Amino acid sequence: MRKEIAEQPDAIRRVLSGRLEPRFSTTHLGGLELAARELLEAKRVKILGCGSAYIAGCVGAQLIEQLARIPAHAEPASEFRYRNPVIEADTLYIAVSQSGETFDTLSAVQEVKRKGARVFGIINSVGSTIARECGRGLYLHAGPEVAVVSTKTFTSTAVAFALFAIYLGRLRDLSAANGARLLAALSALPAQVEAILAQEDRIATIATAFAKTRDAYFVGRAAGYPVAMEGALKLKEVSYVHAEAYPASELKHGPLALIAPETPTLIVLPRDDLFSKNVSTIEEIRARRGPTYVVTHPQPVPVPVDGVIEVPKSEPELDPILLNLPLQLLAYHVALQRGTDIDKPRNLAKSVTVE
Ligand code: F6R
């Protein structure tokens, strides 16, 4: 897991390789095989995947809505296939999978195709079953991911969604200036990830607080929420600490009852329009004597917290990609301190090829 976390700067370089088109402030996605006219006809985007692939889809849906201003939504493929979903010809479906073999995602793709809608894949494993079933899409080229939990493919998938969202945005209303701004930010990501990885010792120190607990909470708002979801999933998978993610605004509708001095909360705190709202969330947790840890951008946090992890600032739309990185290292170090089998967590398989 640690090796694959460390490979992320190169993995991002490979997703980006040959796909930036600075001349037109857009991206070039050869494998999509969807004409501009077909993409323009799409009224909605629906993203399907399982586990971390689904959560990467949640990041992708927000990117598509922000940059292309078209409704986009992610749903666990495992749920979608069982609920007799309404499948519409003017919805564009995207299947996400590292292995390309996840049975639930494959079944969802087959259902979409059977009902005549367009689907493409964002897949890591070249020539895999889902990649072949989709017949078109983007390969991540993140390289083999051997540890059971997804790290570099999660990040690479989010970057691939950014490429697609810029492409779709530039077909629609995204200005050339905004396209250029995002291309520059994408190119800066690998070096920024390296800067985050260099903080590993500090993250390992913060991990001690999470290694001692039975329960932990991860909260984020809007684009920060999928970051919280992925942070909680990673922690529970490798360390077996019970970790739950909540949208920050939902805390007061129930989960606040669980905040206590022995229960740490990780708050995703980007420097964005919602900063002061997220600071209020920290205050709500502190008022219940809950320990608070934040992953944030370099600038002082205006309220006392128990620990701070800083990530470099990107453009607001791409911030979630970097905010997630320290949470992978956090999960890894909590697991290391608790002595679990990090690369092969109990009860989990790398590729879930059964129903
Ligand atoms: C999380 C994890 C799983 C997978 C899920 C989908 O760390 O590894 O949740 O993301 O089983 O797998 P793929 O992407 O192969 O379809």
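Details of the structure are given in the entry above.
Quick notes on the rules
- Residues numbered from 1 in each chain as written.
- Predicted model: local features only at pLDDT ≥ 70, side-chain atom pairs only at ≥ 80, totals over all residues.
- Heavy atoms only, no water.
- Helix = DSSP H or I, 4+ residues; strand = E, 2+ residues; numbered from the N terminus.
- Contact = heavy atoms within 4.5 Å.
- Phe/Tyr/Trp six-rings, centres within 6.5 Å; stacked < 30°, edge-to-face > 60°.
- Lys NZ or Arg CZ within 6 Å of the ring centre and 35° of its normal.
- 1 Å grid on protein atoms, 1.4 Å probe; cavity = no way out; pocket = protein on both sides within 12 Å on 5 of 7 lines; lining within 4 Å.
- Points joined across faces, edges and corners; volume = space filled by probe spheres on them.
- Nonpolar A, V, L, I, M, F, W, Y, C, P; charged D, E, K, R; others polar.
- Core = buried A, V, L, I, M, F, W, Y, C linked by side-chain atoms within 4.5 Å.
- Buried < 20%, exposed > 50% of the residue type's maximum accessible area, 1.4 Å probe, protein only.
- Pairing = 2+ DSSP bridges.
- Axes fitted to C-alpha atoms, helices over the stretch in contact; angles between N-to-C directions.
- Near = heavy atom within 4 Å.
- Polar contact = N/O pair within 3.5 Å; in protein donor to acceptor, adjacent residues only side chain to side chain.
- Areas by Shrake-Rupley, 256 points an atom, 1.4 Å probe, with all protein chains shown as cover.
- Sits in = over half its atoms within 2 Å of the grid points.

## Points about the environment of Ala 232
For step 1, the next point in the chain: Examined against the element boundaries, Ala 232 turns out to sit in helix H11 (residues 224–239).
For step 2, the next point in the chain: For the pair formed by Ala 232 and His 242, sequence separation is 10 residues and the distance between their alpha carbons is 8.3 Å.
For step 3, the next point in the chain: Here Ala 232 is in contact with Phe 218, Ala 243, Glu 244 and Ala 245, once residues within four sequence places are set aside.

## Things to note about the packing of aromatic side chains
Two descriptors summarise a pair of aromatic rings, namely the distance from one centre to the other and the angle between the planes of the rings.
For step 1, the next point in the chain: Taken as a whole, this structure holds 4 aromatic pairs when the rule is applied.
For step 2, the next point in the chain: Each residue in the set Phe 210, Phe 218 and Tyr 293 is aromatic and connected to the rest through ring pairs, giving one cluster.
For step 3, the next point in the chain: Above the plane of the ring of Phe 275 lies Arg 271, whose end atom (NZ or CZ) is 3.7 Å from the centre.

## Some points on the layout of surface pockets
For step 1, the next point in the chain: By volume, the largest pocket is sized at about 490 Å³.
For step 2, the next point in the chain: For the lining of the largest pocket, the secondary-structure elements that each account for two or more residues are helix H4 (52–68), strand S5 (91–97), helix H8 (152–171) and H11.
For step 3, the next point in the chain: Looking at side-chain class alone, the lining of the largest pocket contains 11 nonpolar, 13 polar and 3 charged residues.
For step 4, the next point in the chain: Here the second largest pocket is characterised by a volume of approximately 270 Å³.
For step 5, the next point in the chain: Lining the second largest pocket are 15 residues, with Gln 66, Ala 223, Asp 272, Asp 273 and Pro 316 positioned closest to its centre.
For step 6, the next point in the chain: Split into classes, the residues belonging to the lining of the second largest pocket amount to 7 nonpolar, 3 polar and 5 charged.

## What about the nonpolar core?
For step 1, the next point in the chain: Counting 94 residues, the largest nonpolar core has Ile 64, Ile 94, Phe 164, Phe 210 and Phe 218 as the members making the most contacts within it.
For step 2, the next point in the chain: Ranked by residues supplied to this core, first place goes to H8 with 12 residues.
For step 3, the next point in the chain: Other than its neighbours up to four places away in sequence, Ile 94 contacts Val 45, Lys 46, Ile 47, Leu 48, Ile 64, Phe 120, Ile 122, Phe 161 and Phe 164.

## Comments concerning the sheet that holds strand S11 (residues 292–296)
For step 1, the next point in the chain: Strand order in the open sheet formed by 5 strands is S9-S8-S10-S11-S12, and the pairing between neighbours is parallel. Both outer strands of the open sheet, strand S9 (242–247) and strand S12 (307–310), are each paired with one neighbouring strand and no more. Within the sheet, the average angular offset between the axes of one strand and its neighbour, ignoring direction, is 20°.
For step 2, the next point in the chain: On top of the sheet, helix H12 (residues 275–287) reaches strand S8 (215–220), strand S10 (265–269) and S11; it is set at about 165° to S10, its chief contact.

## Describing the sheet that holds S5
For step 1, the next point in the chain: With parallel pairing, 5 strands are arranged side by side in an open sheet as S4-S3-S5-S6-S7. At either end of the open sheet lies a strand with only one pairing partner, and these are strand S4 (72–76) and strand S7 (137–139). Each neighbouring strand pair of the sheet contributes to a mean axis angle of 20°, computed without reference to strand direction.
For step 2, the next point in the chain: As judged from the 6 bridges shared by S5 and strand S6 (residues 118–123), these two strands associate in the parallel manner. Note that in S6 the partner of Ser 97 across the bridge is Ile 123.
For step 3, the next point in the chain: Strand contacts of H4: strand S3 (44–49), S4 and S5, with the helix running at about 170° to S4, the strand carrying the most contacts.
For step 4, the next point in the chain: Running over the sheet, H8 touches S3, S5, S6 and S7 and is turned about 160° from S5.

## Quick word on the site of the ligand
For step 1, the next point in the chain: Inspection of the region around the ligand gives 13 residues, with Ser 97, Gln 98, Ser 99, Thr 102 and Glu 237 positioned closest.
For step 2, the next point in the chain: A distance of 2.7 Å separates an oxygen atom of the ligand from a polar atom in the side chain of Glu 237.
For step 3, the next point in the chain: Across the complex, the protein chains shield 89% of the 410 Å² of accessible surface that the ligand would expose by itself.
For step 4, the next point in the chain: Spatially, the ligand is embedded in the largest pocket.
For step 5, the next point in the chain: Listed by contribution, the elements that provide at least two residues to the shell around the ligand are H4 and H11.
For step 6, the next point in the chain: Residues belonging to the shell around the ligand are distributed by class as follows: 4 nonpolar, 7 polar and 2 charged.

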